[in-house]
Amino acid sequence: SSERTFIMIKPDGVTRGLVGDIISRFEKRGYKLVAIKSLVPSRQLAEQHYADLSTRPFFKGLVNYITSGKAPVVAMVWEGKDVIRQGRIMIGATNPLDAAPGTIRNTYSISIGRNIIHGSDSFDTAEQEIGLWFGKPGELASWEPA
Ligand code: CMP
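As annotated in an unreviewed UniProt entry, the protein carries the name Nucleoside diphosphate kinase and is attributed to Ambispora leptoticha. What UniProt states about the protein under its Sequence similarities (unreviewed entry) heading is, verbatim, "Belongs to the NDK family." Regarding the protein, the relevant UniProt record gives this comment under Cofactor (unreviewed entry): "Mg(2+)".

Engineer: How should the nonpolar core be read in this particular structure?
Structural biologist: Counting residues in hydrophobic clusters, the biggest one holds 18 residues, and the most contacted among them are Phe6, Met8, Tyr50, Ile66, Val77, Trp133 and Phe134. Those elements that provide at least two residues to this core are strand S1 (2–9), strand S2 (32–39), helix H3 (43–49), helix H4 (59–67), strand S3 (73–81) and helix H7 (123–133). For this core, the leading source of residues is H4, giving five residues. Other than its neighbours up to four places away in sequence, isoleucine 66 contacts Met8, Lys10, Pro11, Pro41, Ala46, Tyr50 and Val73. In terms of nonpolar packing, the next biggest core, distinct from the first, is built from 17 residues, Ile9, Tyr31, Met76 and Met90 among them.

Engineer: In this structure, what is going on with the packing of aromatic side chains? I would like to understand it.
Structural biologist: How two aromatic rings sit relative to each other is given by the distance of their centres and the angle of their planes. A full pass over the atoms with the stated rule returns three aromatic pairs. What links up through ring pairs into an aromatic cluster is the set Phe6, Trp133 and Phe134. Directly above the aromatic system of tryptophan 143 lies the positively charged group of lysine 32, at a separation of 5.5 Å from the ring centroid. A cation sits over an aromatic face here: lysine 37 above phenylalanine 134, 4.6 Å from the ring centre.

Engineer: Would you mind showing me how to read the side chain of arginine 105 here?
Structural biologist: Structurally, arginine 105 can be placed in helix H6 (residues 104–108). No salt bridge is formed by the buried arginine 105, whose closest oppositely charged neighbour, aspartate 12, lies at an N-O distance of 8.1 Å. At 3.2 Å, the side chain of arginine 105 forms a polar contact with the backbone oxygen of asparagine 115. Beyond its immediate chain neighbours, meaning those up to four positions away, arginine 105 contacts Ile91, Gly92, Ala93, Thr94, Pro96, Ala99, Asn115, Ile117 and His118.

Engineer: Would you take a moment to explain the pattern of salt bridges for this structure?
Structural biologist: Here the idea is simple: oppositely charged side chains can pair when their charged atoms come close. The tally for this structure, following the rule as stated, stands at seven salt bridges. Of the charged contacts, one joins aspartate 21 and arginine 25 as a salt bridge, the two residues approaching to 2.9 Å between their closest N and O atoms. Of this pair, aspartate 21 and arginine 25 both sit in helix H2 (residues 19–29), four residues apart, which is roughly one turn of that helix. The partner of glutamate 144 in a salt bridge is lysine 32, and the shortest N-O contact between them spans 3.3 Å. Remark: lysine 32 occurs in strand S2 and glutamate 144 occurs in the segment after H7; sequence separation between them is 112 residues. The exposed category is assigned to glutamate 144, whose relative accessible area is 61%. You can call lysine 32 buried: its relative accessible area is 12%.

Engineer: Before we go on, may I ask you to explain the environment of isoleucine 23 in this structure?
Structural biologist: Counting through the fold element by element, isoleucine 23 comes out in helix H2. Taking C-alpha positions, isoleucine 23 is 19 Å from valine 40, a pair spaced 17 residues apart along the chain. If we ignore the near neighbours within four places in the chain, the residues touching isoleucine 23 are Ile36, Met76 and Trp78.

Calculation rules
- Residues numbered from 1 in each chain as written.
- Predicted model: local features only at pLDDT ≥ 70, side-chain atom pairs only at ≥ 80, totals over all residues.
- Heavy atoms only, no water.
- UniProt positions renumbered as here; feature names shortened; annotations may be inferred.
- Core = buried A, V, L, I, M, F, W, Y, C linked by side-chain atoms within 4.5 Å.
- Buried < 20%, exposed > 50% of the residue type's maximum accessible area, 1.4 Å probe, protein only.
- Helix = DSSP H or I, 4+ residues; strand = E, 2+ residues; numbered from the N terminus.
- Contact = heavy atoms within 4.5 Å.
- Phe/Tyr/Trp six-rings, centres within 6.5 Å; stacked < 30°, edge-to-face > 60°.
- Lys NZ or Arg CZ within 6 Å of the ring centre and 35° of its normal.
- Lys, Arg positive; Asp, Glu negative; His and termini not counted.
- Salt bridge = Lys/Arg side-chain N within 4 Å of Asp/Glu carboxyl O.
- Polar contact = N/O pair within 3.5 Å; in protein donor to acceptor, adjacent residues only side chain to side chain.

In structure tokens, the structure reads:
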């Protein structure tokens, strides 16, 4: 049934001019945009978002990159049937070199450290990430097509 996921276009996706294409893919698939904002995340926000990866060797570089301000990220919440799993399929494998043809990462990247986009990997992660990025009351707009 209907659920929500957190999707973030990373600075490389913004710099590359892929915001419109990515939004279009989710819209045309039939998903509903219930929240969107463009921002340069604080260090604290980025570290919380990637807390699971804090012991990894690339963690610092990842946080530095996301927070650099060279370009903002575009944080979004999408809603619809199976959107958590379908979003991951549309995005493709973390390493673009392993991503299926036609996926966002396969189409636009060959670099794991510049893989364009992030999507929640489970229901619990989605809830957590949505709360972290859109935690203020009224930030999520539920709506139905006319
Ligand atoms: P994302 O889906 O945002 O989740 C964690 C991110 O860490 C991942 O996409 C990659 O951008 C990044 N990442 C994962 N593995 C590596 C790696 N080996 N080197 C650099 N970055 C990585």
